[in-house]
Protein chains: 2
Amino acid sequence: MTIVSSLIEKLGAHKIKVGEALKERYIHIWKMDQPLSALCAVLPESTEDVSQILKLCHKAKQPIVIHGGLTNLVGNTETNGNEVVVSLEKMNKILEVDVDSRTLTAEAGVILENVQTEAKNNNLLFPLNFGAKGSAQLGGIISNNAGGLRVLRYGMTRNLVLGLEAVLPDGTIISSMKKIIKDNSGYDLKQLFIGAEGTLGIVTKAVLKLVEAPKSRLSAFVGLNDYNNVVAFLKFMDAGFAGILSGYELIWKNTYEVMTSSGSPSKPPLPYNYEYYVLVEILGSDQIKDLEKLETLLEVAFNEHIILDAAIASNASDLNWFWTIREDVHVLTSSTKNDQHFDISLPIPLIGEVINGIREELMAIIDIDKVFSFGHVADGNIHFIIGKHHQSDELIHQINEVIYSKLKAIGGSISAEHGVGVHKKGYLHYCRSESEMALMKILKKSLDPHLLLNRGKIFDI
Amino acid sequence: MTIVSSLIEKLGAHKIKVGEALKERYIHIWKMDQPLSALCAVLPESTEDVSQILKLCHKAKQPIVIHGGLTNLVGNTETNGNEVVVSLEKMNKILEVDVDSRTLTAEAGVILENVQTEAKNNNLLFPLNFGAKGSAQLGGIISNNAGGLRVLRYGMTRNLVLGLEAVLPDGTIISSMKKIIKDNSGYDLKQLFIGAEGTLGIVTKAVLKLVEAPKSRLSAFVGLNDYNNVVAFLKFMDAGFAGILSGYELIWKNTYEVMTSSGSPSKPPLPYNYEYYVLVEILGSDQIKDLEKLETLLEVAFNEHIILDAAIASNASDLNWFWTIREDVHVLTSSTKNDQHFDISLPIPLIGEVINGIREELMAIIDIDKVFSFGHVADGNIHFIIGKHHQSDELIHQINEVIYSKLKAIGGSISAEHGVGVHKKGYLHYCRSESEMALMKILKKSLDPHLLLNRGKIFDI
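Caption draft 1: Just the relation of the copies chain B and chain A, in detail. Taken as rigid bodies, chain B and chain A are interconverted by a rotation of 180° and an axial shift of 0.0 Å, the fit giving an RMSD of 0.0 Å. In symmetry terms, the pair is related by a two-fold rotation axis. The overlap is high: 99% of the interface residues of chain B also sit at the interface in chain A, so the same surface is used on both sides.

Here it is in structure tokens:
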């Protein structure tokens, strides 16, 4: 009996997509024209279903690719045609919001925006936030340890997961759906599955940590000419607001210009006079007093020549204006051709020199047209979007080498938040040592001896 | 050649304690009269030394017990006489404070208080804080994922470690001493060693996350009669201060009485009229404005009958007074005999009913004299100190069963922050499933196939 027949027999045909139904599926939310190639797609409706699927595949040594919201920035949802795809999309129930524990319990297929909304309806906040919030599913978010716009204050996904349920490659259910903040009762097994890109188990449920909803929100765009002042202003604002500074985004001049000029729906909050633009966010408790404080701090920073200019957003429409500029990356991609994206991290004090060095080196490459740079500078996380005159493997590799080769010596990372997948695994040696790689493979082989889950993702064995 | 001779030959006699020098050592900072029984104690001076020790012991299949500051709350530093003890005390250098990255890099033998002081000298804060800060060493703190008084705001040790270096049982050095906040370049290997109680590797160095030093500090003692209001007041204060609430400690009436009456150096800030006493801490940016806000919020809470009484500490001497009451646990232990200590966690909304149920059940045991309870209620973490008329294994076990057996059904933990060690391993089934235990053992056997590091700690294989 084939694995597809076994799955149909065990789970029922309605949970298995084959033939025409399979062709309607895809691997990438941004590229829905690429049809899925796989033996079948299985849509489990419960953790028990996931366990059954894995038991059957384990017995048959059948490789599996796991699908969530298909953001697929590093190729983790790609298939070669011989895998069984397991998609968690039907496990999309929010199971509980506990307002006193400040937790939300949900299945892995729940979309981030629905978690945010449900938290908000209970006067709470799930602080994780990023561009793909309308499609990204919890299982993928957790498996990729997603970051985003408020890591400075609230941490990555890893910091926001209290309890987790996952299924091991052999079908064993590892369930620890606890709402507790402190648990030192032996190894913290959930850490194995967070950020493992689906290579060690399939995440099926989670208990998420919520926080009390902030009562005020303010932002400001600030102009600066010296990177040292970008760091000084971060420390100044963070100390001045004592922990309620929630976002600190940096945009390079040329990138800010494109984000706010002809091809963009947004006008510029500040003129094009500065080398750096910083967008800050404060999530506080009192709109009026926080605004007074923001005005005072900006004035001090201006008088001390830390910043050169500032514009404040204190109402909903201005907040939306400012953040659309930062979040609408489409404005950048639509102004480039053959765009190549990066998501690196490096120590905060080195960003100015290193990133500007990389920018110069890239602009000296004749086939490169545009170099946009921006990022979560308070997290040391910089994104590049690079437009090119043509697309060739050589050019892609050349650009990767320019950027990634700088990172080893300075203790940076080739992936701050997007993961490694298949796209970056060839460059992993630029930030992980041989002994680290060996230990990763020991873990993989211990939990997944037949290499069935997301085989060839992160590394090859 | 014996392992001791091999170690002397490889490392030099000055790094090895044997004979009389060994007898002067001990296993417990609180019980220095218990001499150390071991083959020898090795005091490495570098990561390379640690690697050499582990290579020799690995070859000889020689079990090792790791020593740090010897707080030893759960028996992790205990030996049986046939082990080699490796103490990190000579690796006690703070290597760097990077004020712009807001990191501190240090060797594993550095004492917590020295980290705190060095951070403070740079206008930064290392937020981890607990009673044993004057003796606890970083390696032990990290290996036990220490918690303490400010987890509500800053998280456990796990949240404060950015980079880590550890040595595997076979001597392999796993070094990832990065200062970066975001790093999704494959498995986050440091998570394996944090909280593993020294069973998977020896932590040798770490990069710690610091935060900007707060500019204001305030506290208040509050009296309440209804546990539901303890939760309501937590939410009210946390929302009201939008993230700068940093401590929220709960003390039961009888415990507060002992903490502030005849045997104690501290007077009571509030009269003995209430069932519950909560001590809050706010770390903010402006002493005067934060105090105004605290007064306003307490008034609202009083008028809304959430709290019944309050006393504010806004100067150094009052802050010291209030926190000495909470932190000087010695007042409790010196008022009990045969004291037995607990460190459990459970969902916040259930604490009132469950803990009061346990208190009643314990007080009905004729051999029990006193039941003190207090804890980090915002983290769901409650401590018991139980005084008994006599000490017997049966009574100890009976009390353990009363407390631990309640935790499985409600998703609690037998160890919130102290770990499992040898003292709690017999009760681990009350919060971890069989499949979780099996996975822990898979990890142990993968990284330490000869079970050399801290054998028999957390679990037996």
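Caption draft 2: Examining the pattern of salt bridges more closely. Applying the stated criterion across every chain, the model contains 48 salt bridges over all chains. Close ionic contact of Glu281 of chain A with Arg217 of chain A constitutes a salt bridge, the shortest N to O distance being 2.7 Å. In this pair, Glu281 of chain A sits in strand S14 (residues 276-284) while Arg217 of chain A sits in strand S12 (residues 216-224), placing the two residues 64 residues apart along the sequence. Overall, Glu281 of chain A belongs to the buried group, its relative accessible area being 1%. By relative accessible area, Arg217 of chain A is classed as partly exposed at 28%. One salt bridge connects Lys182 of chain B with Asp379 of chain A, and the closest N-O pair in it is separated by 3.2 Å. Here Lys182 of chain B, found in the loop between strand S9 (173-176) and helix H7 (190-193), pairs with Asp379 of chain A, found in the loop between strand S17 (368-376) and strand S18 (381-388), and the two come from separate chains. Note on accessibility: Lys182 of chain B and Asp379 of chain A belong to one class, buried. Among the ionic contacts, a cluster of salt bridges with common partners joins Arg102 and Glu212 of chain A together with Lys235 and Asp238 of chain B.

Caption draft 3: Here's a closer look at the sheet that holds strand S3 (residues 64-67) of chain A. All names here are of chain A. Overall, mixed pairing links the four strands, which are arranged S1-S2-S4-S3 in an open sheet. The outermost strands of the open sheet, each flanked by one partner alone, are strand S1 (16-17) and S3. Bridge count between S1 and strand S2 (residues 40-42): two bridges; the pairing is antiparallel. Across the sheet, the residue bridging to Ile16 is Val42, located in S2.

Caption draft 4: Structural detail: the nonpolar core. Core analysis: the largest hydrophobic core is formed by 195 residues, its most contacted members being Phe233 and Tyr248 of chain A together with Phe233 and Tyr248 of chain B. Beyond its immediate sequence surroundings of up to four residues, Tyr248 of chain A is in contact with Leu152, Val230, Phe233, Leu234, Val278, Leu279, Val280, Gly375, His376, Val377 and Ala378 of chain A. By size, the runner-up hydrophobic cluster in this structure holds 22 residues, among which are Leu11, Ile53, Ile66 and Leu453 of chain B.

Caption draft 5: Looking closely at the interface of chain B and chain A. Opposite the 91 residues of chain B that make contact, chain A presents 90 residues. Carbon and sulfur atoms supply 56% of the area that chain B and chain A bury against each other, a total of about 6,700 Å² over both sides. Together, Lys182, Asn184 and Tyr187 of chain B form the three largest contributors to the area buried by chain B at its contact with chain A, with a combined 16%. Ionic pairing is found between Glu212 of chain B and Lys235 of chain A, a salt bridge with its closest N-O pair at 3.0 Å. At the junction of chain B with chain A, the criterion picks out 47 residue pairs in polar contact (both at pLDDT 80 or more). Those elements that place two or more of their residues in the side of chain B that touches chain A are helix H6 (151-154), S9, H7, helix H8 (227-241), strand S14 (276-284) and helix H15 (434-447) of chain B.

Caption draft 6: Spatial organisation of unusual backbone geometry. A positive phi angle is found at Ile458 of chain A, which is not glycine, with a value near 70°. In this fold, Ile458 of chain A is placed in the segment after helix H15 (434-447). Look at Asn454 of chain B: it is not a glycine, yet its phi comes out positive at around 45°. Within the element layout of this structure, Asn454 of chain B appears in the segment after H15.

Caption draft 7: Region of the structure containing the domain arrangement of chain A. The domain architecture assigned to chain A consists of domain 1 (3-89), domain 2 (94-212), domain 3 (216-329) and domain 4 (336-443). Of note, the centres of domain 1 of chain A and domain 3 of chain A, computed from C-alpha atoms alone, are 44 Å apart.

Caption draft 8: How the structure looks around the packing of aromatic side chains. Taken as a whole and judged by the stated rule, the model has 28 aromatic pairs over all chains. Plain terms: the ring middles of Tyr256 of chain B and Tyr272 of chain B are 5.8 Å apart, the flat faces sit at 75° to each other, and that makes the pair edge-to-face. Residue Tyr256 of chain B is located in helix H9 (residues 253-260), and its partner Tyr272 of chain B is located in the loop between H9 and S14; the two are separated by 16 residues in the primary sequence. The buried category is assigned to Tyr256 of chain B, whose relative accessible area is 0%. A network of ring pairs unites the aromatic residues Phe221, Tyr256, Tyr272, Tyr274, Tyr277, Trp321 and Phe322 of chain A as a single cluster. The ring centre of Trp321 of chain A lies 5.7 Å from the NZ or CZ of Lys267 of chain A, which sits over that ring.

Caption draft 9: Geometry of the packing of helix H13 (residues 351-363) of chain B against helix H14 (residues 393-404) of chain B. All names here are of chain B. Following both chains from N to C, one finds H13 and H14 inclined at 155°, their axes separated by 10 Å at the closest point. Here H13 lies roughly antiparallel to H14, going by the angle between them. The chirality of how H13 crosses H14 is right-handed. Judged by residue contacts, Ile358, Glu361 and Leu362 of H13 engage Ile399, Val402 and Ile403 from H14. Counted by class, the contact of H13 with H14 contains five nonpolar, no polar and one charged residues.

Caption draft 10: Spotlight on the packing of helix H8 (residues 227-241) of chain A against helix H10 (residues 287-303) of chain A. Residues and elements named next belong to chain A. For the pair H8 and H10, interaxial distance at closest approach is 11 Å and the crossing angle is 145°. The two elements H8 and H10 cross, and the hand of that crossing is right-handed. Contact residues: Phe233, Phe236, Met237, Gly240 and Phe241 in H8; Asp290, Lys293, Leu294, Leu297, Leu298, Val300 and Ala301 in H10. Split by residue class, the contact of H8 with H10 holds nine nonpolar, one polar and two charged.

Caption draft 11: Focus on the confidence of the model for chain A. Per-residue confidence for chain A gives a mean pLDDT of 96, with 100% of residues at or over 70. Confidence metrics for the complex model read pTM 0.97 and ipTM 0.97.

Caption draft 12: The sheet that holds strand S12 (residues 216-224) of chain B, seen in detail. Residues and elements named next belong to chain B. The seven strands are arranged S15-S12-S14-S13-S17-S18-S16 in an open sheet whose pairing can be described as antiparallel. Pairing within the sheet leaves two strands with one partner each, and these edge strands are strand S15 (309-313) and strand S16 (340-345). Between one strand and the next, the sheet's axes are offset by a mean angle of 15°, whatever the strand orientation. Relative to S14, S12 runs antiparallel, the two sharing nine bridges. Its bridge partner lying in S14, Ser216 is registered against Gly284.

Caption draft 13: Layout of the environment of Tyr154 of chain B. Residue and element names in this part refer to chain B. Counting through the fold element by element, Tyr154 comes out in helix H6. With 28 residues separating them in the primary sequence, Tyr154 and Phe126 have C-alpha atoms 9.5 Å apart. Residues in contact with Tyr154, not counting those within four places in the same chain, are Leu125, Pro127, Asn159, Leu160, Val211, Ser246 and Leu283.

Caption draft 14: View of the state of the cysteines. If you walk through the whole model with that rule in mind, you get zero disulfides over all chains. Cys40 of chain A carries a free sulfur, and the closest cysteine sulfur to it, the one in Cys57 of chain A, is 7.6 Å from it.

Rules used throughout
- Residues numbered from 1 in each chain as written.
- Chains lettered and ligands numbered in written order.
- Predicted model: local features only at pLDDT ≥ 70, side-chain atom pairs only at ≥ 80, totals over all residues.
- Heavy atoms only, no water.
- Least-squares fit on C-alpha atoms with pLDDT ≥ 70 in both.
- Contact = heavy atoms within 4.5 Å.
- Salt bridge = Lys/Arg side-chain N within 4 Å of Asp/Glu carboxyl O.
- Helix = DSSP H or I, 4+ residues; strand = E, 2+ residues; numbered from the N terminus.
- Buried < 20%, exposed > 50% of the residue type's maximum accessible area, 1.4 Å probe, protein only.
- Pairing = 2+ DSSP bridges.
- Core = buried A, V, L, I, M, F, W, Y, C linked by side-chain atoms within 4.5 Å.
- Buried area = accessible area lost by both parts, 1.4 Å probe.
- Polar contact = N/O pair within 3.5 Å; in protein donor to acceptor, adjacent residues only side chain to side chain.
- Domains from an automatic or database assignment.
- Phe/Tyr/Trp six-rings, centres within 6.5 Å; stacked < 30°, edge-to-face > 60°.
- Lys NZ or Arg CZ within 6 Å of the ring centre and 35° of its normal.
- Axes fitted to C-alpha atoms, helices over the stretch in contact; angles between N-to-C directions.
- Parallel < 35°, antiparallel > 145°, perpendicular 65-115°, else oblique.
- Left-handed = near helix turned anticlockwise from the far one by under 90°.
- Nonpolar A, V, L, I, M, F, W, Y, C, P; charged D, E, K, R; others polar.
- pLDDT = per-residue confidence, 0-100.
- Disulfide = S-S within 2.5 Å.

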